[in-house]
Amino acid sequence: MGHPSGAVRPRYSRITAAGTALVVTSVAVLGAAGILPTAQSAEASSIPRDPSSPAVASLAAATSTRPGPYLIRQPDPFWIPAASSEASIEDVAVPADSGEGRRVVFDMTQQRVWLVSAKERVVRSYLVSGSLTNNLDPGSYEVYSKSRDAIGIDDSGTMKFMVRFAHGRRAAIGFHDIPVHEGERVQTREQLGTPQSHGCIRQLRKDARALWEFAPVGTTVVVVR
């Protein structure tokens, strides 16, 4: 049976399309207003906020080349006393016959250096590599010259944080980091604690820098055997 000629037939397809468009528009408006979660906000909310969690640590490692809220920076160990990682303070106590007051102490037998404050506190203590020859007499000296960069004798390489306190027969004697020759360090870290040098006292770079900062010109250097 047909419809009356004057009746209006509803167009269900247009009604459905209009309803869908209205829903999509409403969701977009509410999401932009922060009322409904967006895909980006849902993803962000899934990131753990606890810096100690494994997920944050993995994210920090993946983004370590660019700054961000999860970038984990290691503390600068520059002024951490070497005694805290090498031995107890009793094991590295400054030699009893090394004078008093603010000074640098070098023990040729132990192949060790101490940085001692004016209040007789050991600021830093660490192993070094002194001369292969008997080129230093025990006694008290003074820092008389410093160079951030220096060149060794007999093609022994370049070094940093040179702190001179004595005069040898061929060159100055001082403290510096492990020299580099033709792109390679001339000795290993494990060899520290044994004589290795042509005349000076070799240190790890961080220790050489610490002594450089600790000992301005005029600082007392005590050498003991």
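*Asks:* I would appreciate a short explanation of the sheet that holds strand 2 (residues 112-116) in the present structure.
*Replies:* What holds strands together in a sheet is hydrogen bonding between their backbones, with the strands either parallel or antiparallel. Sheet architecture is open: five strands sit in the order 3-2-1-11-4, paired in mixed fashion. Two strands in the sheet have a free side with no partner beyond their single neighbour: strand 3 (122-127) and strand 4 (139-142). Neighbour to neighbour, the strand axes of the sheet diverge by 20 degrees on average, direction disregarded. Across five bridges, strand 1 (residues 103-107) lies against strand 2 in antiparallel orientation. Along strand 2, the bridge assignment pairs Val 104 with Leu 115. Packed on one face of the sheet, helix 5 (residues 205-214) meets strand 1, strand 2 and strand 3 and runs near 145 degrees to strand 3.

*Asks:* Just checking my understanding: could you explain the packing of aromatic side chains for this structure?
*Replies:* The geometry of an aromatic ring pair is captured by two quantities: the separation of the ring centres and the angle between the planes. All told, the structure shown has three aromatic pairs when counted by the stated rule. Look at Tyr 141 and Phe 165: their rings are 5.6 Å apart centre to centre, the planes differ by 75 degrees, and that puts the pair in the edge-to-face class. Taken together, the residues span a long stretch of sequence, with Tyr 141 in strand 4 and Phe 165 in strand 6 (residues 158-167) at a distance of 24 residues. A relative accessible area of 3% means that Phe 165 is categorised as buried. Between Phe 161 and Trp 212, the aromatic rings sit 5.8 Å apart at their centres with planes inclined by 65 degrees, giving edge-to-face as the arrangement. Taken together, the residues span a long stretch of sequence, with Phe 161 in strand 6 and Trp 212 in helix 5 at a distance of 51 residues. Taking NZ or CZ as reference, Arg 102 lies 3.9 Å from the ring centre of Phe 214, over its face.

*Asks:* Help me understand the pattern of salt bridges, please; the structure alone is not making it clear to me.
*Replies:* Should their charged atoms come close, side chains of opposite charge can pair. Scanning the entire structure with this criterion turns up four salt bridges. Arg 103 serves as the salt-bridge partner of Glu 120, at 3.1 Å between the closest nitrogen and oxygen. Of this pair, Glu 120 sits in the loop between strand 2 and strand 3 while Arg 103 sits in strand 1; the two residues are 17 residues apart in sequence, bridging distant segments of the chain. We classify Glu 120 as partly exposed; its relative accessible area is 38%.

*Asks:* I tried to follow the nonpolar core on my own but got confused; where do I start?
*Replies:* Val 113 and Phe 175 are the most contacted members of the largest nonpolar core, which totals 24 residues. Where this core is concerned, the elements lending two or more residues are strand 1, strand 2, strand 3, strand 6, strand 7 (172-177), helix 5 and strand 11 (220-224). Contacts of Phe 175, omitting those with residues within four sequence positions, involve Val 104, Phe 106, Val 113, Phe 161, Met 162, Val 163, Phe 165, Ile 201, Gln 203, Leu 211 and Val 221. Counting seven residues, the second-largest nonpolar core is a separate cluster that includes Trp 114, Val 116, Val 122 and Val 222.

*Asks:* Could you clarify how one ought to interpret the side chain of Ser 131 in this entry?
*Replies:* Tracing the chain through its elements places Ser 131 in the loop between strand 3 and strand 4. Taking the relative accessible area as the measure of exposure, Ser 131 reaches 14% and is therefore buried. A distance of 3.0 Å separates a polar atom in the side chain of Ser 131 from the backbone nitrogen of Thr 133. Apart from residues no more than four positions distant in its own chain, Ser 131 is found in contact with Pro 195, Ser 197, His 198, Gly 199 and Cys 200.

Reading the values: the criteria
Residues numbered from 1 in each chain as written. Predicted model: local features only at pLDDT ≥ 70, side-chain atom pairs only at ≥ 80, totals over all residues. Heavy atoms only, no water. Pairing = 2+ DSSP bridges. Helix = DSSP H or I, 4+ residues; strand = E, 2+ residues; numbered from the N terminus. Axes fitted to C-alpha atoms, helices over the stretch in contact; angles between N-to-C directions. Contact = heavy atoms within 4.5 Å. Phe/Tyr/Trp six-rings, centres within 6.5 Å; stacked < 30°, edge-to-face > 60°. Buried < 20%, exposed > 50% of the residue type's maximum accessible area, 1.4 Å probe, protein only. Lys NZ or Arg CZ within 6 Å of the ring centre and 35° of its normal. Salt bridge = Lys/Arg side-chain N within 4 Å of Asp/Glu carboxyl O. Core = buried A, V, L, I, M, F, W, Y, C linked by side-chain atoms within 4.5 Å. Polar contact = N/O pair within 3.5 Å; in protein donor to acceptor, adjacent residues only side chain to side chain.

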